[in-house]
There are 2 protein chains.
Amino acid sequence: MLTQPKPEDALTAAEPFATNERAAVYRAIHTRRDVRDQFLPDALPDDLVMRLLDAAHAAPSVGFMQPWSFILVRDEATRAQAYQAFSRANAEAENLFSGDRAQTYRGLKLEGIRKAPLSICITCDPDRAGPVVLGRTHNPRMDAYSTVCAVQNLWLAARAEGVGVGWVSIFHDADIKALLGIPERVEIVAWLCLGFVDQLYSEPELAVKGWRERLALADLVHEGRWPQDEA
Amino acid sequence: MLTQPKPEDALTAAEPFATNERAAVYRAIHTRRDVRDQFLPDALPDDLVMRLLDAAHAAPSVGFMQPWSFILVRDEATRAQAYQAFSRANAEAENLFSGDRAQTYRGLKLEGIRKAPLSICITCDPDRAGPVVLGRTHNPRMDAYSTVCAVQNLWLAARAEGVGVGWVSIFHDADIKALLGIPERVEIVAWLCLGFVDQLYSEPELAVKGWRERLALADLVHEGRWPQDEA
């Protein structure tokens, strides 16, 4: 007679990692950078790309809906069209800054779409698990948030693999949807540029280049409730 | 004479991790679970909590705006009130499922808010870096997405520390904002329950308990464009 496996049979021991393993996780977290320009042209091996996608697929998702899809864009002509979509939007964005800020903004080149050998468009399908999703009933954005967790998993795995990742967010959705044939109902969460890197900034590039400084963590941590003086 | 440091001085060598370090990163990614019930009551040491928050603070953020704040909720009475807010919303959610699904849903206990010794409410302040944010000009959700990256960093660091994390998303924002004094303009991105764990499910709990299966990654990866047959 077949017996149904009990949920508790799937519970396994979960000790803390050894010191050196824990250090490796923190190293990935603290040395990960948003790469805009330092990509090497070498193609990424298929097995490496699959490890990164598998890491993304291991992300938490609301109601285990796994709403993500991954469109791999290697073709140079398609990447050139994406770069044009970015460039148009970037020119619009530039006009929103003035004076020194505008000059600094213009100095922040973003060549990743053209230089990196692989782009990955990561999408969120809100209908992946039907209309009512466990955990999304009171926060309709939980599906996109799950997809962002997949992005961050991929990013950290990439750091460990010596692969740089840049997240491009400056484009009109409609341009990229038309380019890749993405249906209207599906949300584009991230356009990532990926390529090997042999150098990374020791601090976020926007800090290095004087755009904005790292905030003090202590100012962002509050005991018990939101601070009274920060309404 | 003082010379301004050049951005390229901040570039440092970025080799791939050693094999065992890489394995540790993947281990954190693949064994991380959304913990609902297995929390141990022991308080988390302050230095450990700060390492987790520091990991969160190392997340990428659009325009380096670092929009996150972390409210630490240890007080039992406050957690009991949060649990009540969750319970009310959960009863509403339960009514959206019927038949077997409703029964399975009722069986998915979520005791983390009460059992875990620490809750962290992670928020996103859209005004942290002024009205115009580099990279948010064409996607207004990028600030919340940055905050989700912080959540995932914290979650993976916690796994390496032997700390379980559960993300609660079933509550009315207004209830939690009133409880913690969070201003209207600030978004609650996540309520996380944290505590030591000595056991974790080998697969996501919702898979173990028959709610939903893991999808095949190959079905979610597409070359070049969205598949024609999935409009």
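Relevant structure appears above.
Enquirer: Which residues make up the overall build of chain A, and what are the values?
Expert: A tally of regular secondary structure across chain A gives 8 helices and 7 strands. Counting only C-alpha atoms and orienting by the principal axes, one finds that chain A spans roughly 75 × 45 × 40 Å. Taking all 231 residues of chain A together, 58% fall into the buried category. Taking the intrachain contacts of chain A between residues at least 6 apart in sequence as the baseline, contacts between residues at least 24 apart amount to 82%. Just so you have it, chain A exposes about 9600 Å², and 51% of that area is on carbon and sulfur atoms.

Enquirer: Can you break down the sheet that holds strand S4 (residues 163–168) of chain B residue by residue, with the values?
Expert: One open sheet holds the 5 strands; their spatial order is S7(A)-S2(B)-S3(B)-S5(B)-S4(B), and the pairing between them is mixed. Only two strands of the sheet have a single partner each, and these edge strands are strand S7 (221–223) of chain A together with S4 of chain B. Neighbour-to-neighbour, the strand axes of the sheet open up by a mean angle of 25°, direction not taken into account. Note that S4 of chain B and strand S5 (residues 187–196) of chain B share 6 bridges and pair antiparallel.

Enquirer: Quick one: what's the story with helix H3 (residues 76–94) of chain A, residue by residue and with numbers?
Expert: Residues and elements named next belong to chain A. Look at H3: 26 Å from first C-alpha to last across 19 residues, which is about the 27 Å you get at 1.5 Å a residue. The complete set of buried residues in H3 reads Thr78, Arg79, Ala82, Tyr83, Ala85, Phe86, Ala89, Asn90 and Ala93. The buried residues of H3 occupy an angular sector of 160° when projected down its axis, which confines them to one face.

Enquirer: A description of the side chain of serine 146 of chain B should follow, citing residues and the corresponding values.
Expert: Residue and element names in this part refer to chain B. By the element assignment, serine 146 lies in helix H6 (residues 142–160). One polar contact links the side chain of serine 146 to the main-chain amide nitrogen of valine 62, over a distance of 3.0 Å. Not counting residues up to four positions away in its chain, the partners in contact with serine 146 are Ala59, Pro60, Ser61, Val62, Pro67 and Trp68.

Enquirer: Provide a residue-level description of the packing of aromatic side chains, including the pertinent values.
Expert: Applying the stated criterion across every chain, the model contains 11 aromatic pairs over all chains. Judged by centre distance (5.2 Å) and plane angle (80°), the rings of phenylalanine 97 of chain A and tryptophan 211 of chain A are edge-to-face. Here phenylalanine 97 of chain A is found in the loop between H3 and helix H4 (99–107), whereas its partner tryptophan 211 of chain A is found in the loop between helix H8 (205–208) and S7, with 114 residues between them in sequence. By the burial criterion, phenylalanine 97 of chain A is buried, and tryptophan 211 of chain A matches it. For the pair tyrosine 83 of chain B and phenylalanine 86 of chain B, a centre-to-centre distance of 5.8 Å together with 50° between the ring planes defines the contact as tilted. In this pair, tyrosine 83 of chain B and phenylalanine 86 of chain B both sit in helix H3 (residues 76–94), 3 residues apart, roughly one turn of the helix. Through successive ring pairs, a cluster of aromatic residues spans Phe97, Tyr105 and Trp211 of chain A. The ring of tryptophan 211 of chain B carries arginine 101 of chain B above its face, with NZ or CZ at 3.7 Å from the centroid. The positively charged end of arginine 114 of chain B is found above the aromatic ring belonging to tyrosine 83 of chain B, 3.8 Å away from the centroid.

Enquirer: How would you summarise the environment of proline 60 of chain B if you had to cite specific residues and measurements?
Expert: Take proline 60 of chain B: it is sitting in the loop between helix H2 (46–57) and strand S2 (68–73). Distance from proline 60 of chain B to glutamate 76 of chain B, taken between C-alpha atoms, is 33 Å for residues 16 residues apart in sequence. Among residues more than four places away in sequence, those in contact with proline 60 of chain B are Arg32, Gln152 and Trp155 of chain A together with Trp68, Ser146 and Cys149 of chain B.

Enquirer: Before we move on, could you go through the pattern of salt bridges and cite the residues and values that matter?
Expert: Applying the stated criterion to the full structure yields 34 salt bridges over all chains. Two residues, aspartate 175 of chain B and arginine 88 of chain B, come together in a salt bridge whose shortest N-O distance is 3.3 Å. A residue pair is termed long-range when its members are at least 10 positions apart, and aspartate 175 of chain B in helix H7 (residues 173–180) and arginine 88 of chain B in helix H3 qualify at 87 residues. Through salt bridges with shared partners, a single ionic network connects Arg22 of chain A together with Asp47, Arg51 and Glu161 of chain B.

Enquirer: Give me the lowdown on the relation of the copies chain A and chain B, citing residues and values where you can.
Expert: Overlaying chain A on chain B yields an RMSD of 0.0 Å, the required transformation being a rotation through 180° with an accompanying axial translation of 0.0 Å. One copy is carried onto the other by what is essentially a two-fold rotation axis. It is valine 25 of chain A whose C-alpha, among those of chain A, lies nearest the rotation axis, at 2.6 Å. A symmetric contact is evident, with 100% of the interface residues of chain A recurring at the interface of chain B.

Enquirer: How would you sum up the interface of chain A and chain B? Please name residues and give values.
Expert: The interface is formed by 117 residues belonging to chain A together with 117 residues belonging to chain B. Taking both partners together, chain A and chain B bury about 10400 Å²; carbon and sulfur atoms supply 63% of that area. A per-residue breakdown of the area chain A buries against chain B is headed by Phe64, His138 and Trp226 of chain A, which together make up 8% of the total. At the junction of chain A with chain B, the criterion picks out 8 salt bridges. When the shortest N-O distance is used, the salt bridge between arginine 27 of chain B and glutamate 15 of chain A registers 3.5 Å. Between chain A and chain B we count 51 residue pairs in polar contact (both at pLDDT 80 or more) in total. Looking at the side of chain A that touches chain B, the element that brings in the most residues is helix H6 (residues 142–160) of chain A, giving 12 residues. Two strands pair when backbone bridges link them, and S7 of chain A and S2 of chain B are joined in this way by 3 bridges, in the parallel orientation. Bridging from a neighbouring strand, histidine 222 of chain A pairs with isoleucine 71 of chain B of S2 of chain B.

Cut-off values and rules
- Residues numbered from 1 in each chain as written.
- Chains lettered and ligands numbered in written order.
- Predicted model: local features only at pLDDT ≥ 70, side-chain atom pairs only at ≥ 80, totals over all residues.
- Heavy atoms only, no water.
- Helix = DSSP H or I, 4+ residues; strand = E, 2+ residues; numbered from the N terminus.
- Buried < 20%, exposed > 50% of the residue type's maximum accessible area, 1.4 Å probe, protein only.
- Contact = heavy atoms within 4.5 Å.
- Areas by Shrake-Rupley, 256 points an atom, 1.4 Å probe, with all protein chains shown as cover.
- Pairing = 2+ DSSP bridges.
- Axes fitted to C-alpha atoms, helices over the stretch in contact; angles between N-to-C directions.
- Expected span 1.5 Å × (residues − 1).
- Arc of directions from axis to C-beta.
- Polar contact = N/O pair within 3.5 Å; in protein donor to acceptor, adjacent residues only side chain to side chain.
- Phe/Tyr/Trp six-rings, centres within 6.5 Å; stacked < 30°, edge-to-face > 60°.
- Lys NZ or Arg CZ within 6 Å of the ring centre and 35° of its normal.
- Salt bridge = Lys/Arg side-chain N within 4 Å of Asp/Glu carboxyl O.
- Least-squares fit on C-alpha atoms with pLDDT ≥ 70 in both.
- Buried area = accessible area lost by both parts, 1.4 Å probe.

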